[in-house]
Amino acid sequence: MKEAVELIVRNLVREGEAVDVREVERDRSTSVIEVRVAQGDVGKLIGRQGRTVKALRSLLYAAGQKKGRRYVLEIIE
């Protein structure tokens with residue numbers, strides 16, 4: 001899942017090389033995906049009224065349902 005999120009985020013932002021994605025396992029069924037981007041790209045990742053980040057979270061939710069896991073997306077500034 002980490003690789004898929006990283007691919008999507010790199011293509012959304014201007015400074016793709018500054019993208020850092022980490023997957024931290026909270027417990028057996030929950031993983032937190034932390035995304036760090038350049039300061040100027042945070043707004044681009046969030047999108048207008050949060051639409052872009054909401055779409056990413058929806059994708060993670062759907063993938064998690066298929067795998068029987070819960071994924072939480074966090075944007076770290």
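All residue numbers refer to positions counted from 1 along the written sequence of the respective chain. Thresholds applied to this predicted model are a pLDDT of at least 70 for local features of residues and 80 or more for the giving and counting of side-chain atom pairs; totals over whole chains, interfaces and linings are not thresholded and use all residues. Hydrogens and water molecules were not included; the side-chain quantities draw on all heavy atoms of the structure.

Structural notes on helix α1 (residues 2–12)
Then, in step 1: The buried label goes to any residue with under 20% of its type's maximum accessible area, the exposed label to any with over 50%, and the partly exposed label to all in between, with areas taken from a 1.4 Å probe on protein chains only. Helix and strand assignments follow DSSP, with helices taken as H or I runs no shorter than four residues and strands as E runs no shorter than two, numbered in order from the N terminus. Taken as a whole, α1 has its buried residues at V5, E6 and V9. End-on view of α1: buried residues confined to an arc of 100 degrees, all on one side of the axis. The exposed residues of α1 that point more than 90 degrees off its buried face are E3, L7 and N11.
Then, in step 2: The contact rule is simple, with two residues in contact once any of their heavy atoms fall within 4.5 Å. Where α1 is buried, its residues meet β1 (20–27), β2 (30–36), α2 (42–46), α3 (51–67) and β3 (70–76). As used here, the arc belongs to the directions running from the helix axis to the C-beta atoms.

Concerning the sheet that holds β3
Within a sheet, neighbouring strands are paired by backbone hydrogen bonds and run either parallel or antiparallel to one another.
Then, in step 1: A pair of strands is labelled paired if DSSP reports no fewer than 2 bridges between them. Spatial strand order, β1-β2-β3: three strands in an open sheet with mixed pairing. Bordering the open sheet on either side are β1 and β3, each of which pairs with just one other strand. Taken over all neighbouring pairs, the strand axes of this sheet differ in orientation by 25 degrees on average, direction set aside.
Then, in step 2: Two elements, β1 and β2, share seven bridges in a ladder whose sense is antiparallel. From the neighbouring strand, V24 faces β2, where its bridge partner is V32.
Then, in step 3: Note on definitions: angles span 0 to 180 degrees between N-to-C directions of axes, and those axes are lines fitted to C-alpha atoms, for helices only across the stretch in contact. Sitting on the sheet, α1 is in contact with β1, β2 and β3, with an inclination near 145 degrees to β1.
Then, in step 4: The sheet strands contacting α3 are β2 and β3, and the helix crosses β3 at an angle near 155 degrees.

A short note on the environment of I33
Then, in step 1: Relative to the helices and strands, I33 resides in strand β2.
Then, in step 2: Spatially, the C-alpha atoms of I33 and K2 are 6.9 Å apart, while their sequence positions differ by 31 residues.
Then, in step 3: Beyond its immediate stretch of four places on either side in the chain, I33 contacts M1, V5, V21, R22, E23, L60, Y71, V72, L73 and E74.

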